[in-house]
Structures are given as structure tokens and as C-alpha cells.
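# Geometric and topological summary
Take a look at the letters that make up each chain.
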Amino acid sequence: MQLRRRRRCSEMAIEDLSPRFCVDTRGPRAAVPPVGASEHWTAVRETREVVRHCIDQLPAHYRSVLLLRDIEELTTSEVAARLNLNPNTVKVRLHRARQTLKGLLDRKGLLAGVCA
């Protein structure tokens with residue numbers, strides 16, 4: 001357990017990035033971008049493009065399960081019903097899809113600084 005605790009990444013506060021509400025107008029107010037924000041968002045955009053490209057490289061039966069479960073956030077039983085599969089088949093395909101995607105992202109060098 002101590003090894004797991006040491007391996008964790010530090011968490012970032014989301015409050016600085018989320019929109020804030022004005023007291024008088026009750027409308028959202030844009031958060032003040034921190035210094036270097038444009039470089040950060042450029043890197044985020046590039047990372048998204050690489051991840052989408054890697055997802056597109058997955059076989060269709062893995063890609064469909066991964067997109068429904070992880071991107072659209074459906075439950076395993078909902079994915080199984082939508083794809084007319086057994087829930088255990090969905091779990092196996094999801095695991096294999098994640099492992100394959102991890103390997104593709106590793107080759108692109110995106111997982112170098114990410115904690116497991």
C-alpha cells in the first residue's frame with residue numbers, strides 16, 4: 001500500500017480552470033487564464049489529436065466498446081445491450097482495447113510522464 005501511495009500523481013485543483021459565477025449577474029465569468037495557458041491548451045489539443053488517432057487504429061470491435069464505455073460513459077450492461085453482446089464479452093473487449101490503446105500511446109511517447 002505504501003508503494004502505491006508513493007506512486008500516485010499529485011492532483012491539480014480544477015477550481016482555477018472552471019468558470020466562475022458573478023454574484024450580481026448570475027452568469028458565468030471566464031476564469032482568468034494562468035501564465036502560459038496558451039501553450040498548455042496547445043499541448044492538450046495536440047494530445048487529444050494523437051489519442052483520437054490511436055483510438056481510430058483500434059479494431060472496430062474494440063473501438064466500439066471503448067467509445068461506448070469510456071467516452072459515452074455507458075454501463076457495461078448498457079454497452080452489452082446496445083452491441084447485442086454478453087456483458088463478460090464487453091469486459092474482455094474493453095480490457096483488451098485499453099491495453100492496446102496503452103501500447104499505441106506508449107509508442108507515441110504519451111505515457112512517459114503519466115502515473116499508472
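The structure contained in this document is the topic of the report that follows. Quantities reported herein were computed from a predicted structural model and do not represent experimental measurements.

## Considering the overall build of the protein
Across its full length, the protein holds 5 helices and 2 strands. Seen in sequence order, the protein has helices and strands lined up from the N terminus as α-β-β-α-α-α-α. Long-range pairs, those at least 24 residues apart, make up 47% of the contacts in the protein between residues at least 6 apart in sequence. For the protein, the accessible area works out to roughly 9,500 Å², and carbon and sulfur atoms hold 53% of it.

## With respect to the environment of Leu83
By secondary structure assignment, the location of Leu83 is in helix α4 (residues 76-83). On a C-alpha basis, the gap between Leu83 and His61 in space is 9.5 Å, while along the polypeptide they are 22 residues apart. In this structure, Leu83 is in contact with Ser64, Val65 and Leu68, ignoring residues within four places of it in sequence.

## Concerning the nonpolar core
Proteins that are soluble and globular tend to have nonpolar side chains buried together. In terms of nonpolar packing, the biggest core is built from 16 residues, with Cys54, Leu66, Val79, Val90 and Leu101 touching the most fellow members. Where this core is concerned, the elements lending two or more residues are α2 (37-57), α3 (60-71), α4 and α5 (87-108). Top element by residues in this core is α5. It accounts for 6 residues. Cys54 has contacts with Leu101, Leu104, Leu105 and Lys108, leaving out every residue within four places of it along the chain.

## Structural notes on unusual backbone geometry
Even without being glycine, Glu73 reaches a positive phi, approximately 60°. Note that Glu73 resides in the loop between α3 and α4. Positive phi outside glycine occurs at Asn84, with the angle close to 60°. Examined against the element boundaries, Asn84 turns out to sit in the loop between α4 and α5.

## A look at the packing of α2 against α5
Closest axis-to-axis distance for the α2/α5 pair is 10 Å, and the angle between their directions is 135°. Comparing the axis directions of α2 and α5 gives the class oblique. The way α2 lies across α5 gives a crossing that is right-handed. Counted together, Val50, Val51, His53, Cys54, Ile55 and Gln57 of α2 and Leu101, Leu104, Leu105 and Lys108 of α5 form the full contact between these two elements. Here the contact of α2 with α5 is built from residues that sort into 7 nonpolar, 2 polar and 1 charged.

Cut-offs and rules
What you see as residue numbers is a count from 1 along each chain, following the sequence as written. In view of the model being predicted, local features appear only for residues whose pLDDT reaches at least 70, and side-chain atom pairs are presented and counted only at 80 or more, with totals across whole chains, interfaces and linings using the full set of residues. Just so you know, side-chain values use all the structure's heavy atoms and leave hydrogens and water out. Helix and strand definitions follow DSSP, with helices as H or I runs of at least four residues and strands as E runs of at least two, each counted in order from the N terminus. Residues count as neighbours in contact if any of their non-hydrogen atoms are within 4.5 Å of one another. We get accessible surface area from the Shrake-Rupley algorithm with a probe of 1.4 Å; when it comes to residues, only the shown protein chains can shield them. By convention a nonpolar core is built from buried Ala, Val, Leu, Ile, Met, Phe, Trp, Tyr and Cys residues, the set being connected through side-chain atoms within 4.5 Å. Summary of the burial criterion: residues with accessible area below 20% of their type's maximum are buried, those above 50% are exposed, and those between are partly exposed, where the area comes from a 1.4 Å probe applied to protein chains only. An axis is simply a line fitted to the C-alpha atoms; with a helix, the fit covers only the stretch in contact. Between two such axes, the angle follows the N-to-C directions and lies from 0 to 180 degrees. Any angle that falls under 35 degrees is termed roughly parallel, while one over 145 is termed roughly antiparallel, one within 65 to 115 roughly perpendicular, and all others oblique. Note: crossing handedness is left-handed where the near helix turns anticlockwise from the far helix by less than a right angle, and right-handed where it turns clockwise. Only Asp, Glu, Lys and Arg are considered charged, only Ala, Val, Leu, Ile, Met, Phe, Trp, Tyr, Cys and Pro nonpolar, and every remaining residue, Gly among them, polar.

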